[in-house]
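Given next are the chains, with one letter for each unit.
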Amino acid sequence: MSDTPEIRLHHVPWSRSFRILWLLEELGLDYDIAWHDIRKGDMQEPGYKAKSPAGRAPALEIDDQVIFESGAITQYLAETFRLGALGRPPHAPERIAYLQWISYAETMAGVIEQLNINHVFLRDPSQASPVVIKLNTARLKGTLAGMEALLGDQEYLLPSGFSAADTMMGFNLFAAPYFVKLDAFPRLAAYKARIEARPAFRRAAARDGVQTFYDRDFYPVPGPVDKNVDKLKG
Ligand SMILES: N[C@@H](CCC(=O)N[C@@H](CS)C(=O)NCC(=O)O)C(=O)O
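Residues numbered from 1 in each chain as written. Predicted model: local features only at pLDDT ≥ 70, side-chain atom pairs only at ≥ 80, totals over all residues. Heavy atoms only, no water.

Enquirer: Would you take a moment to explain helix H7 (residues 164-175) for this structure?
Expert: Along an α-helix, residues three or four apart share an orientation, since each turn contains 3.6 residues. In terms of residue burial, H7 counts as a mostly covered element, since twelve of its twelve residues are buried. Residues of H7 that are buried include every one of Ala164, Ala165, Asp166, Thr167, Met168, Met169, Gly170, Phe171, Asn172, Leu173, Phe174 and Ala175, and no others. You can read the cap of H7 off the contacts: a side-chain oxygen lies 3.1 Å from the backbone nitrogen of Ala165, and it is on Ser163. (Buried < 20%, exposed > 50% of the residue type's maximum accessible area, 1.4 Å probe, protein only. Helix = DSSP H or I, 4+ residues; strand = E, 2+ residues; numbered from the N terminus. Polar contact = N/O pair within 3.5 Å; in protein donor to acceptor, adjacent residues only side chain to side chain.)

Structure (structure tokens):
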């Protein structure tokens, strides 16, 4: 790789690719952005699928390599450019927690994706499933509660301080409050304010612009729905 790599981020505004936008800003790397519109389906074209086989964002072009999956991109960038500061190397005391949080962000994002599909994507809202919404809202609450408990009094996800595990959460904590209010999670609310105050986060947010994906501030669970869903919450 060259000393100043050519970097292009394939990005959907305020989506999971925000994780990488923010990380690139934390790393102080130069990059350009290929913007994609999730509603237009351009990521399903064969040209893009050669970069990201599932037709998803992010994908990152770096010199002659292409990487897909935000967790893999996050680990690669942190390890390649600032392992000590933003990554946690093998055998480091926080290595396991670091890897866990990177994957946990995707567990939570998968639930958010279900809520996005049901509340926002469907052109015909009558096709939305109240049962799926109720179930996934409960599951999102569960992942937030787990994070609140593990965060404890720490400023960031790892006791020693900020890392690329935190940049993985940037999208999640942007999207989650549209479905679950953070009032019941004071540590998470403070953590969200803390990450949003970071200069690199603010630069990434400014580059992304005003979000236009959600057309209201909060999407409640429609009711009433089948009581049996409570048994499935998991
Ligand atoms: N596990 C993947 C998921 C990426 C993903 O699903 N991104 C969404 C945006 S948040 C996407 O591109 N969706 C396009 C689609 O579903 O058609 C990652 O973390 O990179």
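Enquirer: Could you clarify how one ought to interpret the nonpolar core in this entry?
Expert: A general tendency of soluble globular proteins is for nonpolar side chains to be buried together. In terms of nonpolar packing, the biggest core is built from 64 residues, with Leu140, Leu144, Tyr191 and Tyr214 touching the most fellow members. Two domains share this core, each providing at least three of its residues, namely domain 1 (7-86) and domain 2 (95-232). Contacts of Tyr191, omitting those with residues within four sequence positions, involve Met147, Leu151, Glu155, Tyr156, Leu157, Asp166, Met169 and Leu173. If you look at the next biggest cluster of nonpolar residues, it comprises five residues, including Val12, Met43, Tyr48 and Ala59. (Core = buried A, V, L, I, M, F, W, Y, C linked by side-chain atoms within 4.5 Å. Domains from an automatic or database assignment. Contact = heavy atoms within 4.5 Å.)

Enquirer: Would you take a moment to explain the sheet that holds strand S3 (residues 59-62) for this structure?
Expert: Strand order in the open sheet formed by four strands is S2-S1-S3-S4, and the pairing between neighbours is mixed. With one partner strand each, in any of the chains shown, strand S2 (32-35) and strand S4 (65-68) form the two edges of the open sheet. With strand direction ignored, the average angle separating the axes of adjacent strands in the sheet is 20°. Note: strand S1 (residues 7-11) against S3, four bridges, orientation antiparallel. (Pairing = 2+ DSSP bridges. Axes fitted to C-alpha atoms, helices over the stretch in contact; angles between N-to-C directions.)

Enquirer: I keep staring at the site of the ligand and nothing clicks. Help me out?
Expert: The immediate surroundings of the ligand are formed by 14 residues, with Arg56, Ala57, Glu69, Ser70 and Glu106 found nearest. One of the side-chain N or O atoms of Arg16 is found 3.1 Å from an oxygen atom in the ligand. For the ligand, whose free accessible area comes to 510 Å², the fraction covered by protein is 82%. (Near = heavy atom within 4 Å. Areas by Shrake-Rupley, 256 points an atom, 1.4 Å probe, with all protein chains shown as cover.)

Enquirer: Can you walk me through the domain arrangement of the chain in this structure?
Expert: Size of an interface, as often reported, equals the accessible area lost when the parts are brought together. Each assigned domain of the chain is listed here: domain 1 (7-86) and domain 2 (95-232). Distance from the C-alpha centre of domain 1 to the C-alpha centre of domain 2: 20 Å. The interface is formed by 27 residues belonging to domain 1 together with 35 residues belonging to domain 2. Summed over both partners, the interface of domain 1 with domain 2 buries about 2,700 Å², with 58% contributed by carbon and sulfur atoms. By the criterion of area lost to domain 2, the three top residues of domain 1 are Trp14, Arg19 and Trp22, representing 32% of everything that side buries. Where domain 1 packs against domain 2, one counts seven salt bridges. (Buried area = accessible area lost by both parts, 1.4 Å probe. Salt bridge = Lys/Arg side-chain N within 4 Å of Asp/Glu carboxyl O.)

Enquirer: Whenever I open this one, the packing of aromatic side chains confuses me. Can you help?
Expert: Aromatic rings in a pair are described by how distant their centres are and how their planes are angled relative to each other. Following the criterion strictly, the structure yields 15 aromatic pairs and no others. Aromatic pair Trp14 and Phe18: ring centres 4.7 Å apart, planes at 15°, arrangement stacked. Per residue, the accessibility class of Trp14 equals that of Phe18, and both read buried. With centroids separated by 5.0 Å and ring planes inclined at 80°, the aromatic side chains of Trp22 and Phe201 adopt a geometry described as edge-to-face. You can see Trp22 sitting in helix H1 (residues 18-27) and its partner Phe201 sitting in helix H9 (residues 199-208), a full 179 residues away along the chain. Owing to a relative accessible area of 0%, Trp22 belongs among the buried residues under this scheme. Positioned above the aromatic ring of Phe218, the side-chain terminus of Lys181 is 4.0 Å from the ring centre. One residue, Arg198, lies across the ring of Phe162, its end atom 3.5 Å from the ring centre. (Phe/Tyr/Trp six-rings, centres within 6.5 Å; stacked < 30°, edge-to-face > 60°. Lys NZ or Arg CZ within 6 Å of the ring centre and 35° of its normal.)

Enquirer: Got a minute to help me understand the pattern of salt bridges in this structure?
Expert: Side chains that differ in charge, positive against negative, can pair when their charged atoms come close. Per the counting criterion, the structure on display carries 13 salt bridges. Sharing partners across several salt bridges, the network here consists of Arg16, Arg19, Arg56, Glu106 and Glu113.

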